[in-house]
Amino acid sequence: MKKLNFHPCGNYKERYEQEITLFETDFGRLWSGIGIFLLFAILPFIVSPYFLHVLNMVGIASIAAIGLNILIGYTGQISLGHGAFIGVGAYAAAILATTLNVPFIITLPAAGLVSAMVGMIFGIPSGRLKGLYLTIATLAGQIIIEYVLVHWETLTKGTMGITLPRPNIFGMELESDLSFFFLIFSCLVVMIWFAVNLIRTKYGRAFIAIRDNDRAAEGMGIPLFRYKLLSFGISSFYAGFAGAIWAYYMVSITSEPFTLGLSVEYIAMVIIGGLGSVSGSIYGAVFITFLNELLRWLTGIMMNIGALTESGLNVAPLREFFFGTAIVLFILFEPRGLAEVWRIIRSNFKLWPFAY
Amino acid sequence: MNFFLQLFINGISIGFLYGLSAMGFVMIFKSSSVLNFAHGELLALGAFFFLAMLTWVKLPVVVAFLATLAACFILGFIIERFFLRPLIGEPLIYVIMLTVGLASMFKGIMLLFWGGNLQTYPDFLPAFLGIEWHVINIPPVYTAALIIGIMFLILFGLFFKYSSQGIFMRSVADNQKAALSLGVHVQRVFALSWAIAALVAGMSGIVLGIINGINVHDLSAIGLKVFPVVILGGLDSIGGAIIGGLIIGLLETFTGGYISPSLSDVVPYVILVIILMVKPYGLFGLAEIERV
């Protein structure tokens, strides 16, 4: 039997493969196995229906946030159009499912591919622009896509929205939150697996090289434009996939949610979670989704306090205020995000209780 | 022909307002190369502060105007000192997201106090400012806006050309390291340019508020409209901001008048993408943008 490796007392790496391995110790492998087991076998059965819904939203947001982190955190290209790409995915799924009657199992990846195509088109400016000029170009992309979603009425039904059929996998109808939980989180696990492995391949390393120094990367023979487009494509595929699941989960969609605000929310997730870290994107998605729910709950309570409503104060905008404050505080005090906080906590406990 | 003329005049006046709003934005970018996504909220803050001074404190118009400008000046100073100074040297994404975060903080505060409804100033402009000539009909607000705008342009032109602080600001914009080694207090220049930019933003906010009424959502939308304007004019050219504003304003009203009203919102951004692809440094910007 292979010797298990739990707590190495030093750096015993002898081969390059040991450097890029996913789990540095068997401890990590064991824990992720336990985590996945708890996630699928225990968690959905013990939480309340409302919390299950929140978890589903977290799962969808995580998929899209991982995509955005590949683009911003690993490739260093700032995109303000992620919300629109999610919208493209949602509409692609809705249109495929209603007008073409494509089965559910095909619409999800197809919506991802449509979104990837659109993402690559709006990534073309990255061939000539970088930094803030590219950011402004993606901002324009967001606003143009938003306009098309509202005004291309023959395809998107405008402000009427589209109602989707119930998803159906091999004769099984998905309708409860519980069945969606299994769908969303199995997709999420596959997406995480793909993302962490992508980073270890030649493509991931090329992305990181482009982020760190694009001229040096080009000097080492990385075709910048092709890899940037690829990064835009992969990132939008994630966004479109998440959008498609979202559309099915919400049953009917309009163009209303896919605004610049949504794009900003996703960038906030990626920053608060930690740029350049797949697990960070998930922490960020959890944080922002829970923050949203918490603020909704808080404003709900404060609306019912007579003294506050009588004084004419409208507490609903507090949501916006706290959201902004969270972003600002994280950038000022922990710019590496929750992933870094978690790393610090873990390294403090590594050899606990013996500090040395 | 009358329709054309009226559209033309509308376009010029809207475009002038865009240019005015973009001026503060350009000023911040020029000195500290920060892309300010909170610009629309700064406009709105100025407009609301003026409203508060007029209706709650009941100050006379001129005093209220000056008090608003002073408050905006201090606000800009505070923003730079406490939020942007710690980020000097950090990657671009943090600076951008910080201004986005500030934008949503300000928006929350304004919605809390004034709500999302349209508010208007009490009428205080003298009627003789209005111009009526043949078919051309220019309401007094536009004349007032034009006068204020040109006055500010001249004042800032003189400030940048002759005052020592203005020369420091230009030197920092030109070459930060050289300015630093020649003894320019670069941090003070950053703070000053934020303060002046906030002041200009507050002033434009008041003008926009007089014309369109004050609404948080509309004014922050103008903050986004600033991007096509400044890219067209050149990100670091104040005169370019005005010209860019005029062109975008004309394009908007003509598409709105001749093709379709809903299209007029998206046309500036289409222009933006084209400009970025063809001539990213705009009409009057310095051609030193880094090509990949």
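Just above sits the structure.
Residues numbered from 1 in each chain as written. Chains lettered and ligands numbered in written order. Predicted model: local features only at pLDDT ≥ 70, side-chain atom pairs only at ≥ 80, totals over all residues. Heavy atoms only, no water.

Colleague: Quick rundown of the overall build of chain B? Include the residues and the values.
Modeller: The number of helices and strands found in chain B is 11 helices and two strands. Starting at the N terminus and ending at the C terminus, chain B contains elements arranged as α-α-α-α-β-β-α-α-α-α-α-α-α. Here chain B has a C-alpha radius of gyration of 19 Å; the compact-globule value for 292 residues is 19 Å, and the two agree. Across its three principal directions, the C-alpha atoms of chain B cover 60 × 50 × 35 Å. Expressed as a percentage of contacts within chain B between residues at least 6 apart in sequence, the contacts between residues at least 24 apart total 75%. Total accessible area computed for chain B in this model is approximately 12600 Å², and 69% of it derives from carbon and sulfur atoms. Looking at charge distribution, chain B has the averaged site of its 12 positive side-chain charges lying 9 Å from that of its 12 negative ones. (Helix = DSSP H or I, 4+ residues; strand = E, 2+ residues; numbered from the N terminus. Rg over C-alpha atoms; globule rule 2.2 N^0.38 Å. Contact = heavy atoms within 4.5 Å. Areas by Shrake-Rupley, 256 points an atom, 1.4 Å probe, with all protein chains shown as cover. Lys, Arg positive; Asp, Glu negative; His and termini not counted. Charge placed at Lys NZ, Arg CZ, Asp CG, Glu CD.)

Colleague: I'd like a description of the overall build of chain A, backed by residues and values.
Modeller: Check the secondary structure of chain A and you find 16 helices and four strands. What you see for chain A is a C-alpha radius of gyration of 22 Å, in line with the 21 Å of a compact globule of 356 residues. Overall, the C-alpha framework of chain A stretches about 60 × 55 × 50 Å when taken along its three principal axes. Counting across all 356 residues of chain A, residues that qualify as buried make up 49%. Counting contacts in chain A only where the partners sit at least 6 residues apart, residues at least 24 apart contribute 76% of the total. In the form shown here, chain A has an accessible surface area of approximately 17500 Å², with 68% of it arising from carbon and sulfur atoms. (Buried < 20%, exposed > 50% of the residue type's maximum accessible area, 1.4 Å probe, protein only.)

Colleague: Quick one: what's the story with empty space enclosed by the protein, residue by residue and with numbers?
Modeller: Residue and element names in this part refer to chain B. One pass over the full model with this rule turns up one cavity of 30 Å³ or more. Of the voids in this model, the largest cavity is the one considered here, and its volume is about 60 Å³. Lining the largest cavity are Met 27, Lys 30, Ser 31, Phe 160, Met 169, Arg 170, Ala 173 and Ile 238. Grouping the amino acids of the lining of the largest cavity by side-chain chemistry returns five nonpolar, one polar and two charged. (1 Å grid on protein atoms, 1.4 Å probe; cavity = no way out; pocket = protein on both sides within 12 Å on 5 of 7 lines; lining within 4 Å. Points joined across faces, edges and corners; volume = space filled by probe spheres on them. Nonpolar A, V, L, I, M, F, W, Y, C, P; charged D, E, K, R; others polar.)

Colleague: Got a sec to walk through the environment of Thr 156 of chain A? Specific residues and values, please.
Modeller: All names here are of chain A. Within the secondary structure, Thr 156 sits in helix H7 (residues 153–156). The exposure class assigned to Thr 156 is buried, which follows from its relative accessible area of 4%. Residues Thr 156 and Ser 255, spaced 99 residues apart in sequence, show a C-alpha to C-alpha distance of 8.6 Å. Look past the residues within four positions of Thr 156 in its chain and what remains in contact with it is Tyr 91, Val 148, Leu 149 and Ile 162.

Colleague: Run through the interface of chain A and chain B, naming residues and quoting values.
Modeller: Listed per partner, the contact involves 47 residues of chain A and 42 residues of chain B. Of all residues in chain A, Arg 128, Tyr 133 and Ile 136 of chain A give up the largest surface area on contact with chain B, accounting jointly for 18% of the area buried on that side. Our count for the contact surface shared by chain A and chain B stands at zero salt bridges. At the junction of chain A with chain B, the criterion picks out five residue pairs in polar contact (both at pLDDT 80 or more). Those elements that place two or more of their residues in the side of chain A that touches chain B are helix H6 (132–151), helix H10 (214–219), helix H11 (224–250), helix H12 (260–273) and helix H15 (318–333) of chain A. The dominant element in the side of chain A that touches chain B, judged by the number of residues it contributes, is H6 of chain A, at 11 residues. (Buried area = accessible area lost by both parts, 1.4 Å probe. Salt bridge = Lys/Arg side-chain N within 4 Å of Asp/Glu carboxyl O. Polar contact = N/O pair within 3.5 Å; in protein donor to acceptor, adjacent residues only side chain to side chain.)

Colleague: Hey, could you go over helix H8 (residues 186–212) of chain B for me, with residue numbers and the actual values?
Modeller: An ideal rise of 1.5 Å per residue puts 39 Å on 27 residues; H8 of chain B measures up with 38 Å between its terminal C-alpha atoms. One or two residues past the end of H8 of chain B sits Gly 213 of chain B, with phi positive at roughly 85°. (Expected span 1.5 Å × (residues − 1).)

Colleague: Give a description of the packing of aromatic side chains that names residues and reports values.
Modeller: Using the criterion set out here, one finds 27 aromatic pairs over all chains in the structure. Ring geometry for Phe 287 of chain A and Phe 330 of chain A: centres 5.5 Å apart, planes at 80°, overall edge-to-face. Remark: Phe 330 of chain A occurs in helix H15 and Phe 287 of chain A occurs in helix H13 (residues 278–303); sequence separation between them is 43 residues. Measuring from ring centre to ring centre gives 5.3 Å for Phe 4 of chain B and Phe 254 of chain B, while their planes differ by 25°; the resulting arrangement is stacked. One end of the pair, Phe 4 of chain B, is in helix H1 (residues 2–32); the other, Phe 254 of chain B, is in helix H10 (residues 238–259), with 250 residues separating them in the sequence. Of the residues examined, Phe 254 of chain B reaches a relative accessible area of 19% and is grouped as buried. Through a chain of ring-to-ring contacts, the aromatic side chains of Phe 40, Phe 45, Phe 181, Phe 182 and Phe 185 of chain A assemble into a single cluster. (Phe/Tyr/Trp six-rings, centres within 6.5 Å; stacked < 30°, edge-to-face > 60°.)

Colleague: Could you give an account of a nonpolar patch on the surface, naming the residues involved and the relevant values?
Modeller: Where nonpolar side chains cluster on the molecular surface, the patch consists of Phe 27, Leu 30, Trp 31, Ile 34, Phe 37, Leu 38, Ile 42, Phe 45 and Ile 46 of chain A and spans about 920 Å² of accessible area. Mapped onto the fold, Ile 42 of chain A is located in helix H2 (residues 26–46). (Patch = residues over 30% accessible without salt bridge, like charges linked within 9 Å, V, L, I, M, F, W, Y side chains within 5 Å.)

Colleague: For the environment of Tyr 133 of chain A, give the residues involved together with the corresponding values.
Modeller: Residue and element names in this part refer to chain A. Here Tyr 133 lies in helix H6. Residue classification places Tyr 133 among the buried residues on the basis of a relative accessible area of 12%. It is 9.8 Å that separates the C-alpha atoms of Tyr 133 and Ile 78, two residues lying 55 residues apart in sequence.

Colleague: Describe in detail the pattern of salt bridges, supporting the description with residues and values.
Modeller: Residues and elements named next belong to chain A. Evaluation of the coordinates by the stated rule reveals six salt bridges over all chains. Between Asp 212 and Arg 211 there is a salt bridge, with the nearest N and O atoms lying 3.1 Å from each other. Residue classification places Asp 212 among the exposed residues on the basis of a relative accessible area of 54%. Given the relative accessible area of 35%, Arg 211 is considered partly exposed. Residue Arg 336 is joined to Glu 340 by a salt bridge in which the shortest nitrogen-to-oxygen separation is 4.0 Å. By relative accessible area, which is 15% here, Glu 340 ends up buried.

Colleague: Which residues make up the packing of H12 of chain A against helix H4 (residues 92–114) of chain B, and what values go with them?
Modeller: The interhelical angle for the contact between H12 of chain A and H4 of chain B, taken along N-to-C directions, is 125°, at an axis separation of 11 Å. In terms of orientation, H12 of chain A and H4 of chain B fall into the oblique class. Judged by the sense of rotation from one axis to the other, the crossing of H12 of chain A with H4 of chain B is left-handed. Residues Val 264, Ile 267, Ala 268 and Ile 271 of chain A of H12 of chain A form the contact with H4 of chain B, whose participating residues are Ile 93, Tyr 94, Met 97 and Val 100 of chain B. (Axes fitted to C-alpha atoms, helices over the stretch in contact; angles between N-to-C directions. Parallel < 35°, antiparallel > 145°, perpendicular 65-115°, else oblique. Left-handed = near helix turned anticlockwise from the far one by under 90°.)

In short, shape yes, function no, at least from these values alone.
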